[in-house]
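Read off the chains here:
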Amino acid sequence: MNQDTNTTGLSRNSAVREVWIDWIRAVGSVGIVALHVVTREKVRRVGEVDGFDWWSLTTYETVTRIAVPLFFMVSGYLAIGRCVKHGDSAYAWKRGLRIMAIALFWTVAFSFWTMIRTKVGFSFASLIDTGQASPVKFVLDVFYGEAYFHLWFLWALAGIFFVTPIVAQGLSSLTQRQKVIIGCLLPILVAFDYGLHRQSVQVDYFRYSLLSMGVPYLAYTCSGYLLGVGVKRCWTGLSIVVYCAAFSICLWAYSFLVGQNPTEVANVDFADKWLFMPFSIPVCLMSIAGFLMIAKSSLASSSKMPKVASRLARDSMGIYILHPFVLDIANYFDLLGRRPNAFVGTLLVTTVVVLGAWGATVALAKVPVMKKTISL
């Protein structure tokens with residue numbers, strides 16, 4: 001989330017700062033929190049939400065589903081770019097090992113948190129069934145692709161860093177036009193593959209095992225680099241059209257699928273897995289368009305980024321890691337995204353959780369040992 005630089009040359013001292021990366025990190029971290037607020041509300045109220053609340057939750061979820069793909073695209077742009085420019089394979093492998101260590105540390109930490117939460121009576125806040133939680137069980141679950149519900153990102157990202165030096169050589173040899181074409185096609189092809197997978201539903205497409213957890217996201221990672229360096233002129237107008245079209249299709253298709261039998265939990269789960277996954281075709285198109293809108297926007301590239309937004313971007317990884325703690329506590333004290341309604345409540349809870357996680361990140365950053373677990 002918060003790599004050691006956001007520059008073209010990947011050197012803090014000499015390279016030109018690319019502010020659009022900070023914008024993606026800042027907005028994306030808030031989007032992730034909002035997404036988890038929405039999904040928890042959907043789980044608790046499945047089959048009971050209708051009208052204005054239903055459309056509010058669905059719209060928020062549609063907007064925030066591109067946050068994870070965008071983070072992978074930014075990571076690809078930076079990591080592959082560094083390997084291409086400096087031939088620095090050791091950097092990528094060391095970064096992968098460090099991310100794995102961070103993921104393992106927080107996997108154990110969240111296992112203890114789950115046990116504590118269960119004992120004090122708010123185990124309902126989890127989105128996963130952990131059974132008899134223990135640190136050993138949590139670590140073993142990771143190898144089966146069942147990392148704590150948000151830590152899967154770190155495991156997937158670590159795996160991608162290990163293969164970055166390999167893919168960098170091939171991607172760098174492409175022409176500018178090839179980079180643009182392949183950068184768009186890679187995620188779309190995986191999206192079609194995901195659609196085919198939904199017909200069989202034999203295994204989890206994203207988390208089958210630790211070794212395969214990040215494989216699909218390699219498409220977004222490569223796409224981020226290819227589009228970041230391949231697109232030279234601004235395609236903002238076309239990107240906006242594609243984004244809005246995919247957004248509208250996603251909303252309509254979701255309402256159609258759920259509306260077939262809105263009282264059954266299975267229909268919501270069915271619609272979620274078709275449309276609200278990172279590689280559903282609408283989310284894929286929105287992610288590509290969103291990346292181009294931000295990366296190639298003259299507004300997003302402005303050097304006059306507010307200090308608070310810049311600091312939020314810098315702390316984005318810590319916010320991502322720590323926000324479930326704050327969200328669990330907020331839920332325990334009955335701070336839910338349904339009051340006074342889902343539209344306003346989601347904004348309120350998201351704000352509280354972001355600020356709480358941000359405060360915790362700033363506090364932990366003052367502890368030398370802990371600082372290494374919430375930043376890269």
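For the structure, see preceding data.
Residues numbered from 1 in each chain as written. Predicted model: local features only at pLDDT ≥ 70, side-chain atom pairs only at ≥ 80, totals over all residues. Heavy atoms only, no water.

Student: Help me understand the overall build of the protein, please; the structure alone is not making it clear to me.
Tutor: What the protein contains, in helices and strands, is 15 helices and zero strands. For the protein, the proportion of its 376 residues judged to be buried stands at 54%. Accessible area for the protein stands at about 16800 Å²; split by element, carbon and sulfur atoms hold 66% of it. (Helix = DSSP H or I, 4+ residues; strand = E, 2+ residues; numbered from the N terminus. Buried < 20%, exposed > 50% of the residue type's maximum accessible area, 1.4 Å probe, protein only. Areas by Shrake-Rupley, 256 points an atom, 1.4 Å probe, with all protein chains shown as cover.)

Student: Help me understand the environment of threonine 59, please; the structure alone is not making it clear to me.
Tutor: Within the secondary structure layout, threonine 59 lies in helix H2 (residues 51-64). Sequence separation between threonine 59 and serine 248 is 189 residues; the distance between their C-alpha atoms is 9.8 Å. Look past the residues within four positions of threonine 59 in its chain and what remains in contact with it is Phe247 and Leu251. (Contact = heavy atoms within 4.5 Å.)

Student: Would you explain the nonpolar core in this entry?
Tutor: The nonpolar side chains of a soluble globular protein tend to be buried with one another. By size, the foremost hydrophobic cluster in this structure holds 96 residues, and its most contacted members are Trp20, Phe72, Trp106, Trp152, Phe153, Leu154 and Tyr217. If we ignore the near neighbours within four places in the chain, the residues touching leucine 154 are Ile99, Ile102, Ala103, Met317 and Ile321. (Core = buried A, V, L, I, M, F, W, Y, C linked by side-chain atoms within 4.5 Å.)

Student: Just to check I follow, could you spell out helix H1 (residues 19-44) for this structure?
Tutor: Turn by turn, an α-helix covers 3.6 residues, leaving residues three or four places apart pointing in a common direction. With 26 residues, H1 extends 38 Å from end C-alpha to end C-alpha; this agrees with the ideal 38 Å at 1.5 Å per step. Of all the 26 residues making up H1, 21 are buried; the element is thus mostly covered by neighbouring parts of the structure. (Expected span 1.5 Å × (residues − 1).)

Student: I tried to follow the packing of aromatic side chains on my own but got confused; where do I start?
Tutor: The relation between two aromatic rings is expressed through the spacing of the ring centres and the mutual angle of the planes. On inspection of all chains with the given rule, the structure shows 27 aromatic pairs. A centroid spacing of 6.2 Å and a plane angle of 55 degrees characterise the contact between phenylalanine 52 and phenylalanine 343, whose relative ring orientation is tilted. Residue phenylalanine 52 is located in helix H2, and its partner phenylalanine 343 is located in helix H14 (residues 342-365); the two are separated by 291 residues in the primary sequence. Look at phenylalanine 52 and you get exposed, because its relative accessible area is 53%. Looking at phenylalanine 343, the relative accessible area reads 40%, which means it is partly exposed. Three or more aromatic residues joined by ring pairs form one cluster here, namely Phe71, Phe72, Trp152, Phe153, Tyr217, Tyr220, Phe279 and Tyr320. If you follow arginine 82 out to its NZ or CZ, it ends over the ring of tyrosine 91, 3.9 Å from the centre. (Phe/Tyr/Trp six-rings, centres within 6.5 Å; stacked < 30°, edge-to-face > 60°. Lys NZ or Arg CZ within 6 Å of the ring centre and 35° of its normal.)

Student: Help me understand helix H11 (residues 281-295), please; the structure alone is not making it clear to me.
Tutor: For H11, built from 15 residues, the straight-helix expectation of 21 Å at 1.5 Å per residue is met to within 8% by its first-to-last C-alpha distance of 21 Å. Within H11, 12 of the 15 residues are buried, which leaves it mostly tucked inside the rest of the structure. Within the span of H11, buried status applies to Pro282, Val283, Cys284, Met286, Ser287, Ile288, Ala289, Gly290, Phe291, Leu292, Met293 and Ala295.

Student: Looking at this structure, how should I read the packing of helix H8 (residues 218-230) against H11?
Tutor: A packed helix pair is summarised by two numbers, namely the angle formed by the two axes and the spacing between the axes. Relative orientation of the contacting elements H8 and H11 amounts to 35 degrees, with a least axis distance of 10 Å. Between H8 and H11 lies a crossing of right-handed hand. Residues Tyr220, Gly224, Leu227 and Gly228 of H8 touch H11, and the partners they reach there are Val283, Cys284, Ser287, Ile288, Phe291 and Leu292. Here the contact of H8 with H11 is composed, by residue class, of seven nonpolar, three polar and no charged. (Axes fitted to C-alpha atoms, helices over the stretch in contact; angles between N-to-C directions. Left-handed = near helix turned anticlockwise from the far one by under 90°. Nonpolar A, V, L, I, M, F, W, Y, C, P; charged D, E, K, R; others polar.)

Student: So what exactly am I meant to see when it comes to the state of the cysteines here?
Tutor: The bond known as a disulfide is covalent and runs between the sulfur atoms of two cysteines. Under the defined criterion, the tally for this structure stands at zero disulfides. The cysteine cysteine 184 is free of any disulfide, with cysteine 284 supplying the nearest cysteine sulfur at 9.2 Å. (Disulfide = S-S within 2.5 Å.)

Student: Whenever I open this one, unusual backbone geometry confuses me. Can you help?
Tutor: When glycine is set aside, most residues are seen to have a negative phi, and most peptide bonds are trans. Cis peptide bonds are those with omega within 30 degrees of zero, and the linkage from arginine 339 to proline 340 qualifies with -5 degrees. Note on placement: proline 340 falls in the loop between helix H13 (316-332) and H14. We note that aspartate 334 has phi near 65 degrees; this positive angle belongs to a residue other than glycine. If you trace the backbone, aspartate 334 turns up in the loop between H13 and H14.

Student: Looking at this structure, I do not really get the packing of H1 against helix H3 (residues 67-86). What am I missing?
Tutor: Two numbers describe how H1 lies on H3: the axes approach to 9 Å, and their chain directions differ by 150 degrees. By the angle between their axes, H1 is roughly antiparallel relative to H3. In the crossing of H1 with H3, the sense of the turn from one axis to the other is left-handed. Here H1 contributes Trp20, Ile21, Ile24, Arg25, Gly28, Ser29 and Ile32 to the contact with H3, which in turn contributes Ala67, Val68, Leu70, Phe71, Val74, Tyr77 and Leu78. (Parallel < 35°, antiparallel > 145°, perpendicular 65-115°, else oblique.)

Student: Can you walk me through a nonpolar patch on the surface in this structure?
Tutor: Taken together, the side chains of Phe52, Phe343, Val344, Leu347 and Leu348 define a hydrophobic patch exposed on the protein surface, amounting to about 460 Å² of accessible area. A total of four residues in the nonpolar patch trace back to one element, the largest contributor, which is H14. With respect to the helices and strands, the residue leucine 347 is situated in helix H14. Of the residues examined, leucine 347 reaches a relative accessible area of 44% and is grouped as partly exposed. (Patch = residues over 30% accessible without salt bridge, like charges linked within 9 Å, V, L, I, M, F, W, Y side chains within 5 Å. Salt bridge = Lys/Arg side-chain N within 4 Å of Asp/Glu carboxyl O.)

Student: Can you help me understand the pattern of salt bridges in this one?
Tutor: Counting across every chain of the model gives 12 salt bridges. Aspartate 22 is paired through a salt bridge with arginine 25; the nearest N and O atoms lie 3.8 Å apart. One end of the pair, aspartate 22, and the other, arginine 25, are both in helix H1, three residues apart, so they sit about a helical turn from each other. Grouping residues by exposure puts aspartate 22 and arginine 25 together as buried. As a salt-bridge pair, arginine 338 and glutamate 41 come within 2.7 Å of each other at their nearest N and O atoms.

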